[in-house]
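So you can see what is in the structure, the chains are spelled out below.
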Amino acid sequence: MSEDRRDSAMQGSPEPLPHAGSEIDDPQFTDKSYSQGQLVRRRFFRHKGAIAGLAVLLFITLLAFTSIGVGGISGWWDKDYTSTGTVLNGGQPTMGWFYLGEHPFGQDSTGRDYFARVMRGTQVSLIIAFVVGIASTMIGTVIGAVAGYFRGWAESLLMRVTDLFIIIPLLVFAAVLGRIAGDSGIFVFALVLAAVTWTGLARLVRGEVLSLREREFVSAARAIGTGNWRIILRHILPNTVGVIIVATTFAIASAILLETALSYLGFGVQPPDISLGSLISEYQTAFTSRPWLFWFPGIFILAIALSVNFIGDGLRDAFDPRQGKDG
Amino acid sequence: MTTVENTTAQPIDDGTVLSFSGLDVKFNTEFGRVHAVKGISLEVRPGEVLALVGESGSGKSVTSTSALGLLPRNATINGAINVAGNSVDTMTDRALRKMRGDDVAMVFQEPMTALNPVLSVRTQMVEALELHGKAYGKAADARAIELLSMVGIPDPEKRLYQYPHEFSGGQRQRIVIAMALSCDPKVIIADEPTTALDVTVQAEILDLLRSLKDELNTGILLITHSMGVVADMADRVAVMYKGDIVEQGSAREVLTQPKHDYTKRLLDAVPRLGSRGETEPVVQGEGPKALEVNDLVVEYHRQGKEPFRAVDGVSLSVKRGEIVGLVGESGSGKSTIARCALGLIPAASGEVAILGEDITKMRRKPLKALRKRIGVVFQDPASSLNPRLPVGDCIAEPMDVHKIGTSKSRRDKVAELLDAVELPRDVANRYPHELSGGQRQRVSIARALSLDPELLVADEPTSALDVSVQASVLKMFTHLQEQYNFGCLFVSHDLAVIDMLADHVVVLKDGKVVEQGARHQVLADPQEEYTKRLLMAAPVPDPDEQRARRLERYEFMKEIGEEDHGLHLEEAPTREDLMGRSAGGEGKMPPGVSGGN
C-alpha cells in the first residue's frame, strides 16, 4: 500500500508531459527512496515504546555484566554473589535516592550481598533467554523452510514431529529434560529449552515459505536452473526475515519466563549457580520477613520481559507494511 | 487549478446524479503529502455513462471512492461532492451508510473477492435489501430472484441458494451488478468491472450494463483503462492524467479527434487488431525447432477426485527466430503449457522437446545445462523479481547460477543488457520496489536474455501493464527478438497483442488446440467458431466501428443459437441522440456548469 502511494507520489509531481514515444513511468524520483532496511529502521525508531524497551534492556544488560563482571573479569562492584558475611541492620537494603550504600539491595540470611546475587541472576537469565531465542529460531527456521519448500513426505514427517512436540505440555517436557541437563551448566540447559520451543516458529516459517514458493520470482529462479538450497537461502529466506526477527524477539521474552518458571520449580538452574527464578524460589519463604529478597528479582524479570516484548512490538509494526499512518 | 474550500459545498439540484466540483484529495503518508486528485470537476446525469479513463496512479479510483465517503483516514478532501443532490462531505456516518446502496452503488473489479465466499448469494442479496428497508422475508427473496433474472442468471429460483464458488467469473460479476441494483440506485460506480474477465465475458457484461442503464435510467460512472470498453459503453469520456482531467467530451470526439497530447498518446498505444496487415513468415520452411510439443497432456491431481486435465493432447512447435502466440481465455491451459515447457510442472504424457531434447525424460544435470539456453518472463512485474535483491544482482543471477564469467564480465553484461532494455545503467543498484511496473518488466526481460537464450517463454508479460507502457515494452521486445533471434513462445489473452507480435498463432480452448496457423491466416480469416467469437468480442477504440462490430456479433450469436436471454439487445437510443446532449463538452468544465446544455 505504501508502495502504491509512493508511485503516485512520483507521478504527482507537476512535470511537463514527456514527449510522445517515451515511457510514461520515467523514474522521476522527486522524493528520496529508501531500501527496505532503511524503511524498517525508520519505522522502528519512531515507535516510542520500542525505543524505551531497547533503552531499558540495554541498561539492564550493561548493569548486569559490568557490575560484578563476567567470566573472571571483575566488575566495578566489589562484592561477589557467593561469599557470606555479617548481616548488617537485619539485611535491609541500604539504597536511598542518591546513594547506594554498603548493600543497596540488602543481604540474605547468610549475609550474602543481594545486589551481586540479583546481577548474577540477571546475567544467567539473559544468557539463557538469548541462547534459547537464537537456537530455537535456527531449528524452527530450518525445519519450517525444509517442510514448506520440499512439501511431500519431508513436510509430513517434519510437521508430525512438530505436532508431537506441541501436544506434550511444554512445562512438563522442559522440566524433565531440564532436570537431566541442569547439572551440565546453563548453556546445555538453554539448548535443551531451545529444543522444545522451536515449534511455533517452524509453523510460522513454513507458512511464509508456502506462500513465497508460489511467487513468480521463485518460478523464475527454478526455470533458469537454480538449485533448491540456493533458492531457499537466497530467494526465500531473505524474504521471511521480518517474520523471523519478530518471532525471535517474542521467543526471547517467553524464554525468560519459561526459565524463571522452571528454576522456580527447581528444575532449572541448579545451585551454586543462580538465576532470577531460582532467587525467587530460594527466598519465597522470606516474603513476609524480608520482602526485598522477593521484590528485586521480580522487578528485573518484569522489566526484561516487558522491554523485550515492547521491542518485539516495535519490530512487528516496522516490518508490517500494511499498517496505516493517520494524518 | 484552484482548490475549492469545504464551505462552498451546497446541495445543488441541477439534474445530475453525481457531481464533483473542484475535488481535491491529498494523502498524508510517511513520505510526505501526496496530491492524488488536483481539483477536478465531473458530472454524471441519469441514464448516462461517463467513462473515467487513465493509467494506474492517475487518481481514478480515488475520485470514485470519494463519492462513497470511503477514503482512508489519512486523506484530506476539499471541494464539493454531490450525490443525487446531497452533499457527501457534510453527511453524518448514518446518512452516508444510507446513501451507499440507496443512491450510489459500486461494482468492483474482482468478482472473485467482491462476494463473501461463506455466505449464500441469497443471504448477501437479502442483506442489502433488508438493511435499506426495501423488502423483508419472502418479499426480499422474490425481489432477489427478480434481480437475478434481470441480470441474466438462468434458473434464479434455484441458484439463489447457491454459494459464490458455484458460479463462473462472469456470473459472479452479474450477481455483483444485481446487488448493486437492489436498491434502485441513482448512480452506479463501476470500477474496472470487466478488467478481470475474458473478452467474451467482458462483451456480455458490457451488454448487460448497457441494457440495464437504458431500462432503469441509472447514471454510470465507468472507470477503466481500456479504450475499447470506453468505445463500447461510454457517452462521455473524461481522461485523467496525474490527478488532473486533461480532456473531457463526448466519446466519439475524444476517441476519434483527441485534442490533448496525452489522449493522443494513449490512443496510439492501444494495440489494434489487423493493423499489421499481411507479412511474410520470418522463418521459411523447416527451420531448426526451438520447442516442440507433441500430444502433451498435463493433469492436476485432486484429492479424492479424478485428476483434472488442464492440457489435453496439444501439439505445437516454435522454430528458431519465430514468435508463436498462444491465445485463449482463462482456464484454457495456456500458462500450464508455458510452465510445462519450462519443466516447472510434469507432463502426464506426450513429449516436450526443447532444442531437440525431451525434457520430460531428462535427469537433473543435463536439465540444468539445458535451462541455460531458455529464458523466461512472467506476468506479474510485482512478484517476478526477488524484492531483496538489487536489480543488478537479479539480472546477473542466471550467470551466477551457471557459473559463467567473472564478476567483472557479469557486471559488463548487466550494463549491456540494461542498455538493451532501455534502462539507465544506475538502475542496477536499485531495488525492485523503487521501479515502476514497466521498468520491472524490462528488468525481467533483461534477466531472461542474460544467457543469450535460444528459446524464450513469455507468460503474459504485458497484461499487468498500462497500455502506453505495454506499447513501449512490446516495441522493445520485437526489437530484441530481431537482435537476439531467439524462438519465443508468447502467451497472451489479448488478440491484438498477439497480432502485433506473433508469426504463428495457436488458439486454445479447454486445454485443446482449436485452431493454429500463420498469424494473418488465423486472425484475419478464422475458420473455427470459437476463434470468431474471440475476435468479435475484442472491442476496438472507435465508437462507430465498435457499434458495427457489436451488431455483427449479435447476428453471429443468433446464428450459432447463443443469445443472451433476458437482455434487451435491440438498438438503444442511437449514439447521435446521446451525443447531442454532451456536444461541446470539451476540456475542463467549470464547476456547476453542466456541459453543453
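The residue count restarts for each chain, going from 1 along the sequence in the order it is written. Just so you know, chain letters begin at A and ligand numbers begin at 1, following the order they were written in. Reporting of local features is limited, given that this is a predicted model, to residues whose pLDDT is at least 70; pairs of side-chain atoms are given and counted only at 80 or more, and all residues count toward the totals for whole chains, interfaces and linings.

1. Some details on the confidence of the model for chain A
Residues and elements named next belong to chain A.
Stage number 1. Scored between 0 and 100, pLDDT is the confidence that the predictor attaches to each residue. Within chain A, residue pLDDT values average 79, and 86% of them lie at 70 or more.
Stage number 2. What counts as a helix is a DSSP run of H or I of at least four residues, what counts as a strand is a run of E of at least two, and both are numbered from the N terminus. Helix H1 (residues 2–11) is the least confidently modelled element of chain A, averaging 37 in pLDDT, while helix H8 (residues 199–212) averages 93, the highest of any element.
Stage number 3. Predicted confidence for residues 1–32 stays below pLDDT 50, and this span has 49 contacts to residues more than four positions away or in other chains. By definition, residue pairs are in contact when their C-beta atoms, positioned from the backbone, come within 7 Å.

2. Digging into unusual backbone geometry
Residue and element names in this part refer to chain B.
Stage number 1. Even without being a glycine, Asp 155 presents a positive backbone phi close to 55°.
Stage number 2. The topology assignment puts Asp 155 in the loop between helix H5 (137–150) and helix H6 (156–159).
Stage number 3. One non-glycine residue, Lys 403, lies in the positive phi region at around 50°.
Stage number 4. You can see Lys 403 is positioned in the loop between helix H14 (391–401) and helix H15 (407–420).

3. Some details on helix H2 (residues 93–102) of chain B
Stage number 1. Every buried residue of H2(B) is listed here: B:Met99, B:Arg100 and B:Gly101.
Stage number 2. Elements that come into contact with the buried residues of H2(B) comprise strand E4 (75–83), strand E5 (86–87), strand E6 (104–107) and helix H4 (121–131) of chain B. Residues with at least 20 neighbouring C-beta atoms inside 10 Å of their own are called buried, those with 12 or fewer are called exposed, and the rest are partly exposed, where every C-beta is derived from the backbone.

4. Considering the nonpolar core
Nonpolar side chains in soluble globular proteins generally cluster together in the buried interior.
Stage number 1. Note on terminology: a nonpolar core is any set of buried Ala, Val, Leu, Ile, Met, Phe, Trp, Tyr and Cys residues joined through C-beta atoms within 7 Å. Formed by 245 residues in total, the largest nonpolar core has its most connected members in B:Leu222, B:Val230, B:Ala341 and B:Leu489.
Stage number 2. With 17 residues, the top contributor of residues to this core is helix H4 (residues 114–150) of chain A.
Stage number 3. When neighbours within four sequence positions are excluded, B:Val230 is seen to be in contact with B:Ala51, B:Val53, B:Thr224, B:Val237, B:Ala251, B:Leu255 and B:Pro541.

5. Some words on the sheet that holds strand E18 (residues 487–492) of chain B
Residue and element names in this part refer to chain B.
Stage number 1. The strand order E16-E17-E18-E13-E19-E20 describes an open sheet built from six strands, whose pairing is mixed. The open sheet has two edge strands, strand E16 (374–377) and strand E20 (512–518), and neither has a second partner. Pairs of neighbouring strands in the sheet enclose a mean axial angle of 15°, with direction left out of account.
Stage number 2. If DSSP finds at least two bridges between two strands, the strands pair. Pairing analysis gives six bridges linking strand E19 (residues 504–509) to E20, with the strands arranged antiparallel. Looking across to E20, one finds that Val 505 is bridged to Gly 517.
Stage number 3. Packing against the sheet, helix H12 (residues 334–341) makes contact with strand E13 (323–327), strand E17 (455–459), E18 and E19, and its axis sits at approximately 150° to E18. In this description, a line fitted to the C-alpha atoms serves as the axis of each element, helices being fitted only across the stretch in contact, and the angle between N-to-C directions of two axes falls anywhere from 0 to 180 degrees.

6. Some words on helix H7 (residues 169–181) of chain B
Residue and element names in this part refer to chain B.
Stage number 1. Each helix should span, by expectation, one fewer than its residue count multiplied by 1.5 Å. Taking 1.5 Å per residue, 13 residues should reach 18 Å; H7 reaches 19 Å between its end C-alpha atoms and fits that length.
Stage number 2. Across the 13 residues of H7, 12 count as buried, placing the element largely inside the fold.
Stage number 3. Three or more residues of H7 are buried, namely Gly 170, Gln 171, Arg 172, Gln 173, Arg 174, Ile 175, Val 176, Ile 177, Ala 178, Met 179, Ala 180 and Leu 181.
Stage number 4. Buried residues along H7 sit against E6, helix H3 (111–114), H4, H5, strand E7 (187–191) and helix H8 (199–216).

7. Things to note about the domain arrangement of chain B
One frequently used descriptor of interface size is the decrease in accessible area upon assembly of the parts.
Residues and elements named next belong to chain B.
Stage number 1. Each assigned domain of chain B is listed with its residue range as follows: domain 1 (1–95 + 200–270 + 546–590), domain 2 (104–184) and domain 3 (289–537).
Stage number 2. For each domain, the first and last residues come from an automatic or database assignment. Computed from C-alpha coordinates alone, the two centres of domain 1 and domain 3 are separated by 36 Å.
Stage number 3. Facing the 15 residues of domain 1 at the interface are 12 residues of domain 3.
Stage number 4. Where the side of domain 1 that touches domain 3 is concerned, the elements lending two or more residues are H8, helix H11 (261–269) and helix H21 (543–559).
Stage number 5. Sorting elements by how many residues they give to the side of domain 1 that touches domain 3 places H21 first, with four residues.

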